Amino acid sequence: MENGEFGCRYKVCNMVAIHHEYLPHYTYEDYKLWEGNWELIGGIPYAMAPSPVKIHQKLMGGVFALLNDSVQCSTVEVLISTDWKVYEDTIIRPDVAVVCGDENENFIAKTPAIAFEVVSPATARKDEGLKFGLYEREKVAYYVLVYPDTLIAKVYRNGERGFDKVGDFDRETFCFELDDCHIDFDFDALFSRFR
């Protein structure tokens, strides 16, 4: 056979394409039984990166503390590494989330108003791609990507056409405007101890 008409027989056809319908489809009930740290997106499990390095943990703690100190509303919760059950087959764990008026005690049941992810080389692809698209589609009002290597945070606001980049922040204070309240966040206070 020539390499023209059936050329894929020797190249592409050696690789088997796995169709989505052949993959297992897991739900929250399965997820609850798993050991270790996982996220479930569209029924597909994603192993979470190993325990974050110290700067990652310190930045998560700093984000949590600054948000928690700035919240003025009684119905707003600031949560660190808490499961958000988006659907039965989609459970993700934002590094830090701000949730308004969620009465569920077991997991985040409402779309967070703000989601922070501290980006590491192991999580960059998921944080900048998969989670970015999911947060955008689920109408998270603000998505913040925090970069430990450069000490910069990229803030996105969800609008009519999806996420618009508000800007890069390192020494500024930004006001997150939510429905019933606002939160002033001091990026200089977050990053200054690491400079």
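Predicted model, so just to flag it, every value in this text is computed and none were measured.

A.B. asks: Help me understand helix α3 (residues 124-137) in this model?
C.D. replies: Every α-helix winds through 3.6 residues per turn, so residues three or four apart in the chain are directed the same way. Its 14 residues place the ends of α3 19 Å apart at the C-alpha level, agreeing with the 20 Å of an ideal helix rising 1.5 Å per residue. Of all the bends in α3, the largest measures some 40° and sits at K131. Listed as buried for α3 are A124, K126, D127, K131, F132, L134 and Y135. In the stretch just after α3, K139 is the one whose phi turns positive, near 65°.

A.B. asks: How should the sheet that holds strand β10 (residues 162-169) be read in this particular structure?
C.D. replies: Read from one edge of the open sheet, 6 strands run β3-β6-β7-β8-β9-β10, paired in mixed fashion. In this open sheet, the two strands that pair with only one neighbour each are β3 (76-80) and β10. Strand-to-strand, the axes of this sheet are offset by a mean angle of 15°, without reference to chain direction. Here 5 bridges tie strand β7 (residues 114-118) to strand β8 (residues 142-147), and the two strands are oriented parallel to one another. Among the inter-strand pairings, E117 is bridged to a residue of β8, identified as L145.

A.B. asks: What is the right way to read the environment of P112 from this model?
C.D. replies: Checked against the element boundaries, P112 lands in the loop between β6 (96-100) and β7. In this structure the C-alpha to C-alpha distance between P112 and D102, which are 10 residues apart in sequence, comes to 9.0 Å. Not counting residues up to four positions away in its chain, the partners in contact with P112 are W84, A97, V98, V99, V140 and A141.

A.B. asks: Could you clarify how one ought to interpret the packing of aromatic side chains in this entry?
C.D. replies: For any pair of aromatic rings, geometry is given as the distance between the ring centres together with the angle between the planes. Inspection of the entire model under this criterion finds 22 aromatic pairs. Arranged with centres 6.0 Å apart and planes meeting at 20°, the rings of W84 and Y135 form a pair that is stacked. Of this pair, W84 sits in strand β4 (residues 84-87) while Y135 sits in helix α3; the two residues are 51 residues apart in sequence, bridging distant segments of the chain. A relative accessible area of 1% places W84 in the buried class. Given the relative accessible area of 0%, Y135 is considered buried. Between F174 and F176, the ring centres sit 4.9 Å apart and the planes meet at 80°, which makes this aromatic pair edge-to-face.

A.B. asks: Just checking my understanding: could you explain the state of the cysteines for this structure?
C.D. replies: Any covalent bond linking the sulfur atoms of two cysteines counts as a disulfide. This model, assessed by the stated rule, comprises 1 disulfide. Sulfur-sulfur distance for the disulfide between C73 and C181 comes to 2.4 Å. You can see C73 sitting in the loop between α2 (54-70) and β3 and its partner C181 sitting in the loop between β11 (173-177) and β12 (182-186), a full 108 residues away along the chain. Residue classification places C73 among the buried residues on the basis of a relative accessible area of 17%. For C181, a relative accessible area of 12% corresponds to the buried category. Summary of cysteine pairing: C175 is not part of a disulfide, and the nearest cysteine sulfur, belonging to C181, is at 9.4 Å. The partly exposed category is assigned to C175, whose relative accessible area is 25%.

Each value, and the rule that gives it
- Residues numbered from 1 in each chain as written.
- Predicted model: local features only at pLDDT ≥ 70, side-chain atom pairs only at ≥ 80, totals over all residues.
- Heavy atoms only, no water.
- Helix = DSSP H or I, 4+ residues; strand = E, 2+ residues; numbered from the N terminus.
- Expected span 1.5 Å × (residues − 1).
- Bend = angle between axes of the 7 residues up to and from the residue.
- Buried < 20%, exposed > 50% of the residue type's maximum accessible area, 1.4 Å probe, protein only.
- Pairing = 2+ DSSP bridges.
- Axes fitted to C-alpha atoms, helices over the stretch in contact; angles between N-to-C directions.
- Contact = heavy atoms within 4.5 Å.
- Phe/Tyr/Trp six-rings, centres within 6.5 Å; stacked < 30°, edge-to-face > 60°.
- Disulfide = S-S within 2.5 Å.

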